[in-house]
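An overview of the molecular structure
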Amino acid sequence: MLNKKSVDDINVKGKKVLVRCDFNVPLQEGKITDENRLVAALPTIKKLIADGGKIILCSHLGKPKGEPKPELSLAPVAVRLSELLGQEVKFAADPEVVGPNAKAAVEAMKDGEVILLENTRYRAEETKNGEAFSKDLASLCDVFVNDAFGTAHRAHCSNVGVTQFVDTAVVGYLMQKEIDFLGNAVENPERPFVAILGGAKVSSKISVIENLLDKVDTLIIGGGMTFTFIKAQGESVGASLLEEDYVQYAADMIKKAEEKGVKLLLPVDSVIADKFSNDAEVKVIGREDIPEGWMGLDIGPKTAELYAEAVKSAKTVVWNGPMGCFEMPKFAAGTKAVAEALSETDAVTIIGGGDSAAAVNQLGYGDKMTHISTGGGASLEFLEGKELPGVAAANDL
Ligand code: AMP
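What counts, and at which threshold
- Residues numbered from 1 in each chain as written.
- Predicted model: local features only at pLDDT ≥ 70, side-chain atom pairs only at ≥ 80, totals over all residues.
- Heavy atoms only, no water.
- Helix = DSSP H or I, 4+ residues; strand = E, 2+ residues; numbered from the N terminus.
- Buried < 20%, exposed > 50% of the residue type's maximum accessible area, 1.4 Å probe, protein only.
- Lys, Arg positive; Asp, Glu negative; His and termini not counted.
- Salt bridge = Lys/Arg side-chain N within 4 Å of Asp/Glu carboxyl O.
- Contact = heavy atoms within 4.5 Å.
- 1 Å grid on protein atoms, 1.4 Å probe; cavity = no way out; pocket = protein on both sides within 12 Å on 5 of 7 lines; lining within 4 Å.
- Points joined across faces, edges and corners; volume = space filled by probe spheres on them.
- Nonpolar A, V, L, I, M, F, W, Y, C, P; charged D, E, K, R; others polar.
- Near = heavy atom within 4 Å.
- Polar contact = N/O pair within 3.5 Å; in protein donor to acceptor, adjacent residues only side chain to side chain.
- Expected span 1.5 Å × (residues − 1).
- Bend = angle between axes of the 7 residues up to and from the residue.
- Core = buried A, V, L, I, M, F, W, Y, C linked by side-chain atoms within 4.5 Å.
- Pairing = 2+ DSSP bridges.

As for the side chain of Asp 298
Mapped onto the secondary structure, Asp 298 falls in strand β14 (residues 295-299). The charged side chain of Asp 298 is buried without a salt bridge, its nearest counter-charge being Lys 336 at 11 Å. Setting aside anything within four residues of it in sequence, one finds Asp 298 in contact with Ser 270, Val 271, Met 323, Gly 324, Phe 331, Ala 332, Ala 333, Gly 334 and Thr 335.

Quick look at the side chain of Gln 176
Following the sequence through the fold, Gln 176 ends up in helix α5 (residues 173-187). Gln 176 sits in the buried class, given a relative accessible area of 19%. Setting aside residues no more than four positions away along its own chain, Gln 176 makes contact with Lys 4, Ser 6 and Val 171.

Overview of empty space enclosed by the protein
Throughout the structure, instances matching the rule amount to one cavity of 30 Å³ or more. Taken as a whole, the largest cavity encloses approximately 50 Å³ of empty space. Surrounding the largest cavity, Ile 230, Glu 235, Ser 236, Ser 270, Ile 285, Gly 286, Arg 287, Glu 288 and Ile 290 form its lining. Taken together, the residues of the lining of the largest cavity break down into three nonpolar, three polar and three charged.

Description of the site of the ligand
Around the ligand sit 14 residues in total, of which Ala 200, Lys 205, Gly 296, Glu 327 and Asp 355 are the nearest. Taking Gly 224, its main chain carries an N or O atom lying 3.2 Å from a nitrogen atom of the ligand. Of the residues assigned to the shell around the ligand, the class counts are five nonpolar, six polar and three charged.

Some thoughts on α5
Given a rise of 1.5 Å per residue, 15 residues ought to cover 21 Å, and the 20 Å separating the end C-alpha atoms of α5 matches this to within 8%. Taking the largest bend as the criterion, α5 deviates by roughly 25°, centred on Asp 180. Here α5 lies mainly inside the structure; 11 of its 15 residues are buried.

Describing the nonpolar core
In terms of nonpolar packing, the biggest core is built from 39 residues, with Phe 149, Ile 209, Leu 212, Leu 219 and Phe 229 touching the most fellow members. For this core, the secondary-structure elements that each account for two or more residues are α5, β9 (193-197), α6 (206-213), β10 (218-221), α8 (247-260) and α12 (376-383). The element that contributes the greatest number of residues to this core is α5, accounting for six residues. With near-sequence residues (within four places) excluded, Leu 219 lies in contact with Ala 195, Leu 197, Ile 209, Leu 213, Val 262, Lys 263, Leu 264 and Leu 265.

Looking at the layout of surface pockets
Estimated volume of the largest pocket: approximately 750 Å³. Asn 36, Asn 361, Ile 372, Ser 373 and Thr 374 are, among the 30 residues lining the largest pocket, the residues nearest its centre. Secondary structure elements with two or more residues in the lining of the largest pocket: α1 (36-50), α5, α11 (355-362) and β17 (371-372). At six residues, α1 tops the list of elements feeding residues into the lining of the largest pocket. Residue composition of the lining of the largest pocket, by class: 12 nonpolar, 12 polar and six charged. In terms of lining, the second largest pocket is formed by 35 residues, of which the most central are Gly 199, Ala 200, Lys 201, Gly 224 and Pro 322. Breaking the lining of the second largest pocket down by element, the ones donating at least two residues are α7 (226-232), β14, α11 and α12. Of the residues forming the lining of the second largest pocket, the biggest block, five residues, is contributed by β14. Taken together, the residues that form the lining of the second largest pocket break down as 14 nonpolar, 16 polar and five charged.

Looking at the pairing of strand β4 (residues 54-58)
The element β4 is largely enclosed, with a buried count of five among its five residues. Residues Lys 54, Ile 56 and Cys 58 point to one face of β4 and Ile 55 and Leu 57 to the other, with burial holding for every one of them. Direction of pairing for strand β1 (residues 16-20) relative to β4: parallel, over a ladder of five bridges. Bridging across to β4, Lys 16 finds its partner in Lys 54. Here β4 pairs with strand β6 (residues 114-117) via three bridges, running parallel. Residue pairing across strands places Ile 55 opposite Val 114, the latter belonging to β6.

Printed below as a string of structure tokens:
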């Protein structure tokens, strides 16, 4: 069980509070095109304002590679955040992030005021967790709050290094929610516990498969990784995505599932296509050999039904990776069927970040899930059973 101190466990009245947020929003010509991440950060910021802290926000944005890049300035974020909060968020525009502007702005702050620092990745030390920048950040504050789950799997100055020089380091509400669902629900699930894994490759999900096989009652496999498993069972997979080097591994996993009494579900039919395109000729085939030149791009309708049925009796479901090439409408049906099944169960439904989160939102089921992770890489590492440096750095309860 991960028990970390949160913003509910501290008193910030009159204190300078540095909050690491995830304001890594998409920008087009200086305009924010998706403000979900800003909206998601509001509960923690509002709580700290209400408690009378002096709030200093920081985040990275894109990859400026250690030097100021005007097109990656957080200035537009300060403008939009001011509107969303209904109070001024003063922007401290220092190219070195912690410079004369930031220091003067912090000095002048009254309780309940908010400022935003410049893009933390303007500093080359940020991604190397260097000491000088960690100390600079810590020098601004009395208390540190980490609410950026998306970078929790990285040890950088603004989420890990800074905590070495601040006595109090806690998590914000967004981070707490990720810990509760991805960490604790997966470690201590209400059963039956079903995991659905899809996406392109077995090789990128090996550690997730191994970790989850020790925990789940049922493991459902879909997406491109299916074909390495199907090959392991002796069938031809045509031109489908296949990782020859992992066929033996897939066979071992099938055996391991059997030994552990985990139900491992593989597709019983597939949607195959004569080319990787939405204009392709398409057929549904059962578990016979896939013809030469054809490729499986989605699970078939019988498989979708089987998977939906398996989800019905679950109490906890974790889903990472689409069932097919859902970006092309012709191959989105399998992913849609699984999303629909999840939206209809009473189980706790947890969606890993990245493509599965995008698929669920794109297909219109976003608000029906218990939790959609805000971090792609970070959520995958949680499911691998790894300790995330950004989480570990916060004080224990
Ligand atoms: P991942 O990042 O590993 O979760 O993979 C997500 C990607 O897997 C998506 O872009 C899907 O289009 C792709 N994908 C899903 N099913 C297949 C498939 N059967 N063949 C090739 N790619 C697939």
